[in-house]
Amino acid sequence: MAASKRLWKEYRDIVNPRTGLHQVKVEVDDDNIFFWKVVLMVIDPESNYYGACFKGQLKFPENYPFSPPNFKFTPAIYHPNVYSDGRLCISILHEHGNEQSDEPENETWSPAQSVESVLLSILSLLEDPNISSPANVDAAIAFKKHKDEYKKRIHNEVNRSKLNMPDGFKLPILADIRAPLEEEETVDDEEWWDEDNYYDDEDEEEELEEEMISDNNNL
């Protein structure tokens with residue numbers, strides 16, 4: 001299935017120790033690539049969420065990337081765009097064409113998006129919530145009118161999330177992630193990834209795209 005091939009490729013890109021997302025940890029079951037357990041780490045010292053280590057889940061549809069995944073914080077966190085059950089309300093995970101929504105089409109989901117762009121958008125939303133369409137009205141009001149109360153709740157969320165960290169674990173350093181990569185320090189992708197059942201051949205990219213289109217047309 002083309003969807004699973006693309007997801008394995010995206011997973012591999014994200015966990016790549018050289019070029020992947022160091023502020024994100026991902027776990028997948030070999031038997032179900034459509035369900036990801038993720039940990040989002042806030043490593044910007046200027047963020048109110050600095051030091052947080054939030055757990056979440058990504059669930060992908062069988063026709064991915066033609067339809068977006070769903071994301072849920074586990075447990076739910078206090079945030080204007082997070083429902084009480086942990087579900088996240090964010091434009092990038094909404095399909096365009098909804099006449100009842102005023103979201104710009106360029107901010108909603110398209111097959112050109114990726115899991116990486118979703119995860120980075122979620123991290124960005126933590127600090128810059130969309131209070132025009134809140135999932136948690138009380139949190140949106142606090143963010144807008146009661147900043148001290150809001151920051152206190154966020155501080156409590158950050159402290160609670162740190163319980164998710166293994167003993168001795170250290171957050172990645174923002175400066176290290178932003179620093180240019182040294183050619184001599186690069187790691188050969190194939191040295192750290194030797195599985196033979198994942199999509200990793202750039203020559204097959206066109207074939208994968210054709211499979212995705214075919215799978216979508218057959219739905």
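A quick note: this is a predicted structure, and the numbers were derived from the prediction, not measured. (Residues numbered from 1 in each chain as written. Predicted model: local features only at pLDDT ≥ 70, side-chain atom pairs only at ≥ 80, totals over all residues. Heavy atoms only, no water.)

Across the interface, helix α3 (residues 137-145) lies against helix α4 (residues 147-161) with an axial gap of 6 Å and an inter-helix angle of 125°. Classified by the interaxial angle, the pair formed by α3 and α4 is oblique. Of the residues in α4, those touching α3 at Ala139, Ala142, Phe143 and Lys145 are Lys147, Glu149 and Tyr150. Here the residues of the contact of α3 with α4 are counted per class, giving four nonpolar, no polar and three charged. (Axes fitted to C-alpha atoms, helices over the stretch in contact; angles between N-to-C directions. Helix = DSSP H or I, 4+ residues; strand = E, 2+ residues; numbered from the N terminus. Parallel < 35°, antiparallel > 145°, perpendicular 65-115°, else oblique. Contact = heavy atoms within 4.5 Å. Nonpolar A, V, L, I, M, F, W, Y, C, P; charged D, E, K, R; others polar.)

Under the feature "active site" (unreviewed entry), the UniProt entry names Cys89. Ignoring sequence-local partners within four residues, the contact set of cysteine 89 consists of Asn81, Tyr83, His94, Leu125, Ser133 and Ala135. (UniProt positions renumbered as here; feature names shortened; annotations may be inferred.)

This brings us to the nonpolar core. Core analysis: the biggest nonpolar cluster contains 44 residues, and Trp36, Tyr49, Phe71, Phe73 and Val115 have the highest contact counts within it. Those elements giving two or more residues to this core turn out to be α1 (2-15), β1 (24-29), β2 (32-41), β3 (53-59), β4 (70-73), α2 (115-127), α3 and α4. Examining the composition of this core, we find that seven residues originate from one element, α2, more than from any other. Discounting chain neighbours no more than four positions away, the residues touching tryptophan 36 are Leu7, Glu10, Tyr11, Ile14, Val26, Glu27, Val28, Gly56, Gln57, Leu58, Phe60 and Val115. Counting six residues, the second-largest nonpolar core is a separate cluster that includes Met41, Ile43, Met165 and Leu174. (Core = buried A, V, L, I, M, F, W, Y, C linked by side-chain atoms within 4.5 Å. Buried < 20%, exposed > 50% of the residue type's maximum accessible area, 1.4 Å probe, protein only.)

On to the pairing of β4. Here β4 shows a buried face lined by Phe71 and Phe73 and an unburied face lined by Asn70 and Lys72. Where β3 meets β4, four bridges bridge the pair, whose relative direction is antiparallel. Residue pairing in the sheet places lysine 59 in a bridge with asparagine 70 of β4. (Pairing = 2+ DSSP bridges.)

Along the chain, arginine 6 turns up in helix α1. We classify arginine 6 as buried; its relative accessible area is 14%. Within the structure, arginine 6 has its side chain in polar contact with the side chain of glutamate 10 (distance 2.7 Å). (Polar contact = N/O pair within 3.5 Å; in protein donor to acceptor, adjacent residues only side chain to side chain.)

In this section: α1. Across its 14 residues, α1 extends 20 Å between first and last C-alpha, which sits within 8% of the 20 Å expected from 1.5 Å per residue. Taken residue by residue, α1 has Ala2, Ala3, Ser4, Arg6, Leu7, Trp8, Glu10, Tyr11, Arg12 and Ile14 as its buried positions. (Expected span 1.5 Å × (residues − 1).)

Next up on the list: the confidence of the model for the protein. Detailed reading of the predicted coordinates is not advisable wherever pLDDT is low. Per-residue pLDDT for the protein averages 84, and the proportion of residues at 70 or more is 77%. Note that residues 180-187 has pLDDT below 50 and, in this model, five contacts with residues that lie over four places away or in other chains. Below pLDDT 50 for its whole length, residues 194-201 participates in 12 contacts with residues either more than four positions away or in separate chains. (pLDDT = per-residue confidence, 0-100.)

Attention now moves to α2. The end-to-end C-alpha separation of α2 is 19 Å, in line with the 18 Å expected for 13 residues at 1.5 Å each. All of the buried residues along α2 are Val115, Val118, Leu119, Ile122, Leu123, Leu125 and Leu126. Buried residues along α2 cover an arc of 160° about the axis, so they all sit on one side. The secondary structure elements touched by the buried residues of α2 are α1, β1, β2, β3 and β4. (Arc of directions from axis to C-beta.)

The next subject is the packing of α1 against α2. Relative to each other, α1 and α2 sit at 50°, their axes nearing to 9 Å. The angle between the axes of α1 and α2 places the two elements in the oblique class. For the pair α1 and α2, contact is made by Leu7, Glu10 and Ile14 and by Val115, Glu116 and Leu119, respectively. Class assignment of the residues belonging to the contact of α1 with α2 gives a composition of four nonpolar, no polar and two charged.

Let us look at the pairing of β2. Counted residue by residue, β2 has seven buried out of 10 residues, so it is predominantly covered. Hairpin connection of β1 to β2: two residues between the antiparallel strands. Both β2 and β3 contribute to a ladder of seven bridges, which runs antiparallel. Looking at the pairing, methionine 41 lines up with cysteine 53 of β3.

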